[in-house]
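Report on the structure
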Amino acid sequence: MIFKFHLIQTSSDISQIFLSIYFTKNTDANATIECKTPLFIPFHDWDCEKQRPKNIYKKKYKELNTLLNIIKVQISQYLEDNKLNKKNISKKQIISYINTIIYSSRENHGRQYPQGSLLSLMSLYISQKQQSVRISTYRRYLVFMRLIEKFEGYTAKQIYLKDIDSQLITSFYYFGKKEMYTESTINRTVHFLKTILNFAERNDFQTRVRNLEIPKTTLSRKITTLNENEILKIKQTQVPQELQIAKDWLLISCYTGQRISDFMRFTNEQLIDIHGKKCIAFIQRKTSKEIILPLHPTVIKVIERNNYAFPQSMDVNLYNKDIKKIAQLAGINTLVKVRKRIGYRSNEILIEKWETVSSHIGRRSFASNFYGKIPTPLLIQATGHSSERMFLNYINPINHERIITLGNYFDELHSE
C-alpha cells in the first residue's frame, strides 16, 4: 500500500486534507481509495512534495504532522488485520476509522502503543528512567522517541521488536539523512534503539539485538576554542567599562575550565590556602562533585584587580552577548566552520570566530590548551569529567601549538 496526503484547493484559503490509498498488490493495478479527513490547513502552508505542513516545528503544525503519521500507521495496520481475517473494508469504514483515530489521539493527547511494539517499550523505559536521569537526558530520550514516531509515519508501519533487524536500521539511516538530521542525532537514536532492545530482553521479550549490525560512522568533531595567543589578545585588549566584568569572567573561565553555572558563583568564601597555593573549593552544580582547584596566576590577578574579590555575577544571556563583543574587539576573526540552525535543520557555514564565542568556550579552551602539557588525570580532576573519554570530547583536534611542537621535534631529529 502507498499512502498519499493531498489537498483539494477551494475558493477558500483553508483546504481540506485527503488521504489516497493505493493498493499496489491488488488485482486491479489502479485500485485506489480516496478518503477525506476532518483536518484542514491553509494551502500556502502545505508542502505538496512531502505531503505535510511546511513548518512541522510550529506547534499547531507539529501536532497536525503527528496526526498524519498516526493515521498512516494505524490505517495500514487496520487494513492488514482485516486482510488477514479476509474482511472487505469499504471506503466509508476507512473514513469512520480515520475519525476514530483522530478523536482518540486528541482525547489521549497522543498515541496509545500496542503491546510489544518498539514505541511501547521506549515509553516504558523512559518512564522508568525519568526520576533517575538528568532532565537533559530525559529530554534527549523524548527526542529519540519522537524521531522513531516520524520514522513509523515514513514507513506507514507499526514497528514491533521482531521487525528490528539490520535492514530496518539501514532504512532508518536513509530516512534520517533524507530528513537532513545530523549524523550525531541519527547515530544516537540507533544506539538508543539498542539500549531499548537490551531493556526488552531483560523483560523477557525476544529480540535480535545480538545479530544487529550498526554501520560504523566517524563523526568529525568541530569544537571552537580560544588558543593561547587569542586569550593573550583578549587580555591585552582595552574594553569599555561596561564590558570589563564580562572580560574578567571570560579569563577566569579560560583558566579554571568550569561551567558558567559554577564559575559565575565563585566567591571569596570558597578560597582556601593549601601549602601556600591559593585554591578555590566548590561543589559542581551539574555533577555534585567536590572540586578543589589551584588558581592560575591570571585568575589571581583578576581577583586582585577587583579589590581582592571575584567580579560581580552576570546574567548568562548578557554574558554571552558581551564576550562576543570582547572577542570582536580583540580581533578574533578567523573564519571557522560551524553548524548553525537555519530553518528547521542545522547546516555547516563559515563565520568569524568571535561570533561563536559563548559561555562554554572557556571550559573547552582550558581542556584543549593544557592537554599534553599537564598530565591528563590532573586535568580531568580539575574539570570534573567522569571519564577520559568524556574529557577528550572537549579537546580541539586542530591545535596549532601541538602541531608546531611536533614539527619542532621533527626538525631536531632531522638535524641530528
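Read on for an overview of the structure. (Residues numbered from 1 in each chain as written. Predicted model: local features only at pLDDT ≥ 70, side-chain atom pairs only at ≥ 80, totals over all residues. Heavy atoms only, no water.)

A closer look at the sheet that holds strand β3 (residues 32-42)
The strand order across the open sheet built from three strands is β1-β2-β3, with neighbouring strands paired in antiparallel fashion. One side of each edge strand has no neighbouring strand; the edge strands of this open sheet are β1 (2-8) and β3. Averaged over all adjacent pairs, the angle separating strand axes in this sheet is 25 degrees, with direction ignored. Both β1 and strand β2 (residues 14-22) contribute to a ladder of seven bridges, which runs antiparallel. (Pairing = 2+ DSSP bridges. Helix = DSSP H or I, 4+ residues; strand = E, 2+ residues; numbered from the N terminus. Axes fitted to C-alpha atoms, helices over the stretch in contact; angles between N-to-C directions.)

A word on the environment of Q167
With respect to the secondary-structure elements, Q167 resides in helix α5 (residues 166-178). With 46 residues separating them along the chain, Q167 and E213 place their C-alpha atoms 8.9 Å apart.

Points about unusual backbone geometry
Phi angles above zero are rare outside glycine, and A156 is one such case at about 55 degrees. Mapped onto the elements, A156 comes out in the loop between α4 (135-155) and α5. A156 gets classed as buried once you look at its relative accessible area, which sits at 11%. Unlike most non-glycine residues, D204 shows phi in positive territory, near 70 degrees. Within the fold, D204 resides in the loop between α6 (183-202) and α7 (228-236). We classify D204 as exposed; its relative accessible area is 75%. (Buried < 20%, exposed > 50% of the residue type's maximum accessible area, 1.4 Å probe, protein only.)

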